[in-house]
Amino acid sequence: MICFEKVSKYVLSDVSLYIPKGVCVGLIGPSGAGKTTLIRLACGLLEADNGNVITLGKNPVKHRGHFGSRLSVFMSGVPLLCLDETVKQGFELIKEVYHIPEKNFSKDYSRLADRLGFNGFDSLIVKNLSLGQRMRAELGASLICRPELLLLDEPNIGLDEIGKAVLCELIKECCERGMTVLLTSHDMTEISKACDRLAVLNGGRLLFYGSEEILKSRYVPTDVMTVTLCGSLPDLDDLPLNRYSVEGNTLTLSYNSNYVTAAEIIKLILEQTEISSVDIKKPDLESVCSSLSEHAIIS
Amino acid sequence: MKKRNPLSPYFAYAKKCFLNRSAYRFDHLMNILSTCLQIFIFWEIYRALYGNKTQVDGITITMLTTNFVLSAGLGAVFCPDDYFLPGKIWDGSISTELLRPISFKGRMIAENAGNALFNLIFRFAPICIIAAVFIGLCPPAGLLHALCFLVSAFLGWGVLWAISFAVQMTAFWLINIWSILTIKNVFVRVLSGSMIPLWFMPDWMHKIIAFTPFSSIYFTPVQIYLGQLSFEEIALRCTIQLVWIIFIYAIGDILWKKGQKKLVVQGG
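Residues numbered from 1 in each chain as written. Chains lettered and ligands numbered in written order. Predicted model: local features only at pLDDT ≥ 70, side-chain atom pairs only at ≥ 80, totals over all residues. Heavy atoms only, no water.

## Some points on the overall build of chain A
The number of helices and strands found in chain A is nine helices and 13 strands. Counting only C-alpha atoms and orienting by the principal axes, one finds that chain A spans roughly 75 × 45 × 30 Å. Burial statistics for chain A: of 299 residues in total, 52% are counted as buried. In chain A, of all internal contacts separated by at least 6 residues, the share reaching a separation of at least 24 is 69%. Accessible surface for chain A amounts to roughly 13,600 Å². Of this, 50% is attributable to carbon and sulfur atoms. Looking at charge distribution, chain A has the averaged site of its 31 positive side-chain charges lying 9 Å from that of its 38 negative ones. (Helix = DSSP H or I, 4+ residues; strand = E, 2+ residues; numbered from the N terminus. Buried < 20%, exposed > 50% of the residue type's maximum accessible area, 1.4 Å probe, protein only. Contact = heavy atoms within 4.5 Å. Areas by Shrake-Rupley, 256 points an atom, 1.4 Å probe, with all protein chains shown as cover. Lys, Arg positive; Asp, Glu negative; His and termini not counted. Charge placed at Lys NZ, Arg CZ, Asp CG, Glu CD.)

## Comments concerning the interface of chain A and chain B
With 27 residues of chain A at the interface, the matching set in chain B holds 27 residues. Between chain A and chain B, a total of about 2,300 Å² is buried, with carbon and sulfur atoms accounting for 57% of that surface. When residues of chain A are sorted by the area they lose upon contact with chain B, R64, V97 and H99 of chain A head the list and together hold 26% of the total. Put simply, chain A and chain B have one salt bridge between them. Across the pair K261 of chain B and E47 of chain A runs a salt bridge whose closest N-O atoms are separated by 3.4 Å. At the surface where chain A touches chain B, the tally comes to nine residue pairs in polar contact (both at pLDDT 80 or more). Class assignment for the residues of the side of chain A that touches chain B results in 15 nonpolar, five polar and seven charged. (Buried area = accessible area lost by both parts, 1.4 Å probe. Salt bridge = Lys/Arg side-chain N within 4 Å of Asp/Glu carboxyl O. Polar contact = N/O pair within 3.5 Å; in protein donor to acceptor, adjacent residues only side chain to side chain. Nonpolar A, V, L, I, M, F, W, Y, C, P; charged D, E, K, R; others polar.)

## Brief notes about the side chain of K184 of chain B
All names here are of chain B. Relative to the helices and strands, K184 resides in helix α9 (residues 178-191). Looking at K184, the relative accessible area reads 8%, which means it is buried. Residues within four places of K184 in sequence aside, it is in contact with D82, I163, S164 and V167.

## Some thoughts on helix α7 (residues 143-169) of chain B
Between its first and last C-alpha, α7 of chain B extends 39 Å over 27 residues, near the 39 Å set by a 1.5 Å rise per residue. Counting buried positions along α7 of chain B yields 20 of 27 residues, so the element is predominantly enclosed. (Expected span 1.5 Å × (residues − 1).)

## Remarks on the sheet that holds strand β13 (residues 275-281) of chain A
Remark on secondary structure: sheet strands pair via backbone hydrogen bonds, oriented parallel or antiparallel. Residues and elements named next belong to chain A. If you trace the four strands from one edge of the open sheet to the other, you get β11-β12-β10-β13, paired in antiparallel fashion. Edge positions in the sheet fall to β11 (241-247) and β13, since each of these pairs with one other strand and no more. Within the sheet, the average angular offset between the axes of one strand and its neighbour, ignoring direction, is 15 degrees. With six bridges joining them, β11 and strand β12 (residues 250-255) adopt antiparallel strand pairing. The partner of V246 across the bridge, within β12, is L251. (Pairing = 2+ DSSP bridges. Axes fitted to C-alpha atoms, helices over the stretch in contact; angles between N-to-C directions.)

## Section: helix α4 (residues 84-91) of chain B
All names here are of chain B. Residues of α4 that are buried: F84, L85, P86, K88 and I89. The secondary structure elements touched by the buried residues of α4 are α5 (94-99), α6 (104-134), α7, α8 (171-174) and α12 (231-266). Positive phi appears at G92, one or two residues downstream of α4, with a value of about 85 degrees.

Shape descriptors only; they carry no functional weight alone.
Listed below in structure tokens is the structure:
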């Protein structure tokens, strides 16, 4: 559905990516990694300096505005509904613009309004809505035309936990019906629930493209455990720790969870001393990305 | 499968604009009042200037007021939204608009047409009635002249829309086009005869104005209404209007294409 061949533009350099039909791809990476640039290239709002972009079998720049209801794009921060009309009126206009048959429209509208929860405020003017409410309505607006390809740039900004969960479910259902989705996010835990594949961008380079399991097993960075001690300092020399430091009665350990489990560490500490609290930090997106870029530099 | 009407989105936009306008009733009443005040002030000034003469250079005070009323009335109808494209560039929604499967220019025209229709019914008509009752207007020179007036007024709208369209397109490069729009509006007001009737302009000024599109906007329809032009001249003037529309639109269209190219290459 989308094909990138050695594409360069601004920060992006030499990105090659192929997204087949019916697959949901999550694009992750720190701010300024080139996620939005990639989305804008995919929908034809930007033209690549080098390389080819093919979207739905066509050159998206030349074909922009002629995909009809096959392509739908949502970009957070870019208004999709007119600010000075009600949510319902905005949807009616979209119905006309995309020539959506009345039967499909009324069915999808009530379903989306119910799921995304904008049926409670669909008679309000868009500019009077809160950020989260507006995001819900605009996400609905990007789904109402039943696109074949859906591009979502930061779709979960401003959404609460329920909203994020609903969005994940909707995306999954759409993929099951054959829709292709490319979405960007900072929030790895949310995004991974909906996505079949992850693409990791950092500094304009595509560092990884594949399933989440492979990403985690290949590039898992270290977990960090912070232990507050009540007694003497334990001896942990036998454990395969990457690093450990002591500050007053706080012990900070970092370790690779493939080699040693948190339970083993805690057991060894408890054999020697008393502890008042334990806190374990799993790797977050930032550390996965930095770990990936280290790998990229080495290889 | 039911055949799709490709124009239905544009009708929807025109309808939306028409209905949106009717939401702000107070603003609307104030607009009518301001236009009436403007006409009244011009009328008083020219009444004082005329003193006890009935006509100057063959122009009676009634013809003069008719010029003011029709120019101001048509001005109220036309009013293209000069901030349509700049506004979309400012808030970023130009991206959404470019991705929609409809023509952006078509949408611009549709929204303006919706506004114009509203203004025609709820501004032009009341202003003309008020002016006819309190100040007095010339009737149209004849039925045929009245019809030609409508055609020419429609073309005048086209000329003004094309000027606004072309000027708005500079927003791709200049982003803030308030100053250039103000200059445009001054030119439109002074050179179109809606402030100082072109009859009273000196000859050298006429020669300059002949090379600009501005007299095609209001003055040509007014002259036709008053029966100052023969039918041959009417045909000529309407052709000139049409040529101006095509010429200015073509310039605007080149800018529009270049502007999109700029967006695609440099980003918005």
